[in-house]
Amino acid sequence: MSTKQHRHAAVEAMVTKVKTQLSEGVNVHSLNLAKIELLKLCSQRHLFPRSDFPVPDEKQIEWFYLIYEDKNSEYALYINSALPCQTYRPHNHGGSWAIIGAVEGEEKHSLYRSGDDGSVEFINEIMVKPGTAVSMLGDGIHSISAQGNAPLLHLHFYQKSFPKQGKRIEYNLDTGIAEHFFLKDLDYIVDYR
Ligand SMILES: [Fe+2]
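The shown structure was predicted, so the numbers you read here are calculated from the model rather than taken from an experiment. (Residues numbered from 1 in each chain as written. Predicted model: local features only at pLDDT ≥ 70, side-chain atom pairs only at ≥ 80, totals over all residues.)

A look at the overall build of the protein
And then number 1: Counting secondary structure elements, the protein contains two helices and 12 strands.
And then number 2: Listing each helix as α and each strand as β along the protein from the N terminus yields α-α-β-β-β-β-β-β-β-β-β-β-β-β.
And then number 3: Taken against the 2.2 N^0.38 rule, which gives 16 Å for 193 residues, the C-alpha radius of gyration of the protein at 16 Å falls within 12% of a compact globule.
And then number 4: For the C-alpha atoms alone, the extent of the protein along its principal axes is close to 55 × 45 × 30 Å. (Helix = DSSP H or I, 4+ residues; strand = E, 2+ residues; numbered from the N terminus. Rg over C-alpha atoms; globule rule 2.2 N^0.38 Å.)

Details of the pairing of strand β6 (residues 120-128)
And then number 1: Direction of pairing for strand β5 (residues 106-114) relative to β6: antiparallel, over a ladder of eight bridges. Along β6, the bridge assignment pairs Y112 with F122.
And then number 2: Remark: five residues form the turn of the hairpin made by β5 and β6, two consecutive strands paired antiparallel; G118 in that turn has positive phi of roughly 90 degrees. (Pairing = 2+ DSSP bridges.)

What to know about the pairing of strand β10 (residues 168-171)
For a regular strand, side chains alternate in direction, first toward one face of the sheet and then toward the other.
And then number 1: Relative to strand β11 (residues 178-181), β10 runs antiparallel, the two sharing four bridges. Residue pairing for β11: I169 is matched across the bridge by H180.
And then number 2: Hairpin connection between β10 and β11: a loop of six residues separates the two successive antiparallel strands, and G176 in this loop has a positive phi of roughly 80 degrees.

Section: the environment of V134
And then number 1: Assignment of secondary structure puts V134 in strand β7 (residues 133-136).
And then number 2: The sequence separation of V134 and L111 amounts to 23 residues, and the corresponding C-alpha distance is 9.5 Å.
And then number 3: Ignoring any residue separated from it by four or fewer positions in sequence, one finds V134 in contact with I100, H109, I126 and V128. (Contact = placed C-beta atoms within 7 Å.)

Observations concerning the sheet that holds strand β2 (residues 74-82)
And then number 1: The strand order across the open sheet formed by six strands is β7-β4-β9-β2-β1-β12, and the pairing between neighbours is mixed. Two strands bound the open sheet, and with one partner strand each, they are β7 and β12 (189-191). This sheet shows a mean twist of 25 degrees between the axes of neighbouring strands, independent of strand direction.
And then number 2: Pairing of strand β4 (residues 98-104) with β7 involves four bridges; the strand directions are antiparallel. By the bridge assignment, G101 is partnered in β7 with A133.
And then number 3: Lying over the sheet, helix α2 (residues 28-42) contacts β4, β7 and β9 (152-160), oriented at roughly 25 degrees with respect to β4. (Axes fitted to C-alpha atoms, helices over the stretch in contact; angles between N-to-C directions.)

As for the environment of F182
And then number 1: Position of F182 among the secondary structure elements: in the loop between β11 and β12.
And then number 2: Residue F182 is classed as partly exposed on the basis of its 13 C-beta neighbours within 10 Å.
And then number 3: Considering only alpha carbons, one finds F182 and I169, 13 residues apart in sequence, at a separation of 8.7 Å.
And then number 4: When near neighbours in sequence (up to four residues on either side) are disregarded, F182 contacts K167 and R168. (Buried ≥ 20, exposed ≤ 12 C-beta atoms within 10 Å, placed from the backbone.)

Some thoughts on helix α1 (residues 3-22)
And then number 1: The terminal C-alpha atoms of α1, which comprises 20 residues, lie 28 Å apart, in line with the 28 Å expected from a rise of 1.5 Å per residue.
And then number 2: Those residues of α1 not exposed but buried are R7, V11, M14, V15 and V18. Down the axis of α1, the smallest arc covering the buried residues is 105 degrees, so these residues share one side. Away from its buried face, by an angle of more than 90 degrees, α1 presents the exposed residues Q5, A9, T16 and T20. (Expected span 1.5 Å × (residues − 1). Arc of directions from axis to C-beta.)

Some details on the environment of E104
And then number 1: Relative to the helices and strands, E104 is located in strand β4.
And then number 2: Classification of E104 as partly exposed rests on a count of 18 C-beta atoms within 10 Å.
And then number 3: Sequence-wise, E104 and G131 are 27 residues apart; in three dimensions their C-alpha atoms are separated by 9.7 Å.
And then number 4: Excluding anything up to four places from it in sequence, E104 contacts P130, A150, P151, L152 and L153.

In structure tokens, the structure reads:
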């Protein structure tokens, strides 16, 4: 089998386990079990060669490669290959749960909860690097800041693929403005199934 076929088989096996784990409901416990499965996948470094997911250049510092989604556009798995300057302001995922784990590189994820007035309140932060992952329920909010000098190769696993996620909200902490948007038709997302 080719590397791509090995990768697909490993991803399908992971998704099958996660579907069972989440079948009784998505909550902190079941999502933590799913996170362990994603971490096992992340640890199989040979499945994610740089020949398939090259380090980006300065013109386009990040790419998202869709490598799996089921027939309902659910259980969508992306490879995020990015330079270590990648940042994202606090945002939710349109109601989707999300799990992010590292193959290579370090990224700080700051977690927030939304207040009744539309503001966000910082909860804590976690460094996502090889051996660690972060998970968020459907109402989870995080900001991202890559750390160090190593390029990122991270797995982003969502309840729904980007185009099928609901309306996202991005929070500008400086102005207090929350912007609503849909995540689709972006030229740095590649269908790599
Ligand atoms: Fe996110």
